[in-house]
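Chain by chain, the residues:
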Amino acid sequence: MSVLLKKKFNLKNIVVGLTAAAALGLASHSALAKDVKTRIVRFGYGLADDSPAGQATRYFADEVKRLSDGKINVKTYGNGALGSDEQMQNALIGGSQEMTFVSTAPLAGMVKEFGVFDLPFLFDNDKVADYVLDGPEGKKLLDSLTGKGLIGLVYWENGFRNITNSRHEISKAGDIKGIKLRVMQNQVALSVFNGLGANAIPMPFTELFTALETKTIDGQENPLSTIQTSKFYEVQPYLTISNHVYTPFVLLASKKWWDGLSGDEKGIIQTAAADAQQFQRKTSRDAAISSLAYLKDKGLKVSEFSTAEKEKIRDALAPILADLTVKIGEPTVTAILAEAKKGQDQK
Ligand code: TK8
């Protein structure tokens, strides 16, 4: 072999070696994993393990493990094993749990402005939701949690909500009248559904399946993937595609815990959180489609609110909107609506 050929050969080897290292993420994590201790992170959540957000939690855990050279071990506990959203929020504040994702609705008990997301028909589609949440107003809300002992890392997606019940078909806004409907625990959700004539009952998600099964309540509302993975379809024969509210999830860390992390460790958690956000949103959106097919296949009677019925809902809520705006905080409602409008105009 000539010297020239030999050189080429060696160079090729080096290039192959470097590519392999990059593919394994070696280049990136050695840079990130400078000041990293061996740690266990307890990550609890309310949904089922196979829900899109449950899958994303394991994706997040794997990313953290990879970026920390196996030093940070995120242990995941699904199905509300560590408690309801509210209980976990409090556990994070107290420092007895490190991480969770919760719906924005129960966060409104702490920062009332999060109630804005329980206003019906705020976002027209998921692109608008992403635009608003990832923009300055979404960030402002996340930052408002710091003073309460929580670090709001990023938004994940719970999704557009749809109504199920065991009483009768709901195809018109008026059909909601008298339905004992479980709602998420805040004033806005409660007022909205009572405003539509339901008998709204606030209840933690962890108690929901049993309450539906025993017919303590008639119905509930959640994204299709939750109706599938939390098995509500087993006890709820009627489904209404209403898409009335888009609920975000907030990926949270305990501030008590966070303040004790090194900069490198915080960087690892933030990088993994952002990567998992991409995965989670895609998984959630794919699931919304596959879950509808699944639920139809299970024999649910599916109805849909027409545009005219959605208009009726808007009209029915008009008289309480001013009061709700005060409850949430007028500047936030105005700012989020303006952002949603901008997001809508963005092509
Ligand atoms: C899961 C809840 C759930 C939410 C609800 O813990 O409470 O209905 O939609 O996803 O956060």
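The rules behind the values
- All chains use their own residue numbering, which begins from 1 and follows the written sequence.
- With the structure being a predicted model, the display of local features is reserved for residues of pLDDT at least 70 and the display and counting of side-chain atom pairs for 80 or more, all residues being used for whole-chain, interface and lining totals.
- Values reported for side chains reflect all heavy atoms of the structure, with hydrogen atoms and water molecules removed beforehand.
- Salt bridge, as applied in this entry: a Lys or Arg side-chain nitrogen positioned within 4 Å of an Asp or Glu carboxyl oxygen.
- Numbering of helices and strands runs from the N terminus, with a helix taken as a DSSP run of H or I at least four residues long and a strand as a DSSP run of E at least two residues long.
- Buried residues are those whose accessible area, probed at 1.4 Å on protein chains only, stays under 20% of the maximum for their type, while exposed residues exceed 50% and partly exposed ones sit between those limits.
- A pair of Phe, Tyr and Trp rings is counted when the ring centres sit within 6.5 Å of each other, with Trp represented by its six-membered ring. The angle between the planes then sorts it: under 30 degrees is stacked, over 60 is edge-to-face, the rest tilted.
- Strand pairing is assigned whenever DSSP detects at least two bridges linking the two strands.
- Think of each axis as a best-fit line through the C-alpha atoms, taken over the contacting stretch in the case of a helix, with angles from 0 to 180 degrees between the N-to-C directions.
- Contacts are assigned to residue pairs with any non-hydrogen atoms lying within 4.5 Å of each other.
- Any angle from 65 to 115 degrees is called roughly perpendicular, while one under 35 is roughly parallel, one over 145 is roughly antiparallel, and all others are oblique.
- Ten residue types, Ala, Val, Leu, Ile, Met, Phe, Trp, Tyr, Cys and Pro, are classed as nonpolar, four, Asp, Glu, Lys and Arg, as charged, and the remainder, Gly among them, as polar.

1. A few points about the pattern of salt bridges
Taken as a whole and judged by the stated rule, the model has 22 salt bridges. Note that R42 is salt-bridged to E98, the shortest N-O span being 2.6 Å. Here R42, found in strand 1 (residues 39-44), pairs with E98, found in the loop between helix 4 (85-94) and strand 3 (99-103); they are 56 residues apart in sequence, far enough to count as distant. Looking at R42, the relative accessible area reads 33%, which means it is partly exposed. With a shortest N-O distance of 3.3 Å, E137 and K140 are connected by a salt bridge. You can see E137 and its partner K140 sitting in helix 7 (residues 136-143), three residues apart, about one turn around the helix. Among the residues examined, K140 registers a relative accessible area of 53% and is labelled exposed. Where salt bridges share partners, they join D126, D130, D134, E157, R281 and R285 into one cluster.

2. Structural notes on the packing of aromatic side chains
Applying the stated criterion across every chain yields a total of 14 aromatic pairs. Measuring from centroid to centroid gives 5.7 Å for F101 and W156, while their planes differ by 45 degrees, and the two rings are tilted. Here F101 is found in strand 3, whereas its partner W156 is found in strand 4 (residues 150-160), with 55 residues between them in sequence. When sorted by exposure, F101 lands in the same class as W156, which is buried. Through successive ring pairs, a cluster of aromatic residues spans F43, Y45, F60, F101, W156 and F249.

3. Here's the deal with the sheet that holds strand 4
Judged by pairing direction, the sheet is mixed, and its five strands sit side by side in the order 2-1-3-10-4 without closing on themselves. Lying at the two open borders of the sheet, with one neighbouring strand each, are strand 2 (72-77) and strand 4. Going from strand to strand, the sheet's axes swing by 20 degrees on average, the running direction of each strand aside. Summarising the sheet, strand 4 and strand 10 (residues 246-254) pair through nine bridges and their orientation is antiparallel. Note on strand 10: the bridge partner recorded for E157 is P248. Contacts from helix 3 (residues 52-67) reach strand 1, strand 2, strand 3, strand 4 and strand 10, with the element oriented near 165 degrees to strand 2. Its contacts with the sheet place helix 12 (residues 263-297) against strand 1, strand 2, strand 3, strand 4 and strand 10, and it is angled at close to 5 degrees to strand 4.

4. Quick word on the packing of helix 8 (residues 187-195) against helix 13 (residues 307-328)
Packed helix pairs are specified by the crossing angle of their axes together with the interaxial distance, meaning the distance between the axes. Where helix 8 meets helix 13, the axes come as close as 10 Å, and the angle between the chain directions of the two elements is 170 degrees. Judged by the angle between their axes, helix 8 and helix 13 are roughly antiparallel. Two secondary-structure elements touch here, helix 8 through Q187, V188, S191, V192 and G195 and helix 13 through A316, L317, I320, L324, K327 and I328. Looking at the contact of helix 8 with helix 13 residue by residue, the classes come out as seven nonpolar, three polar and one charged.

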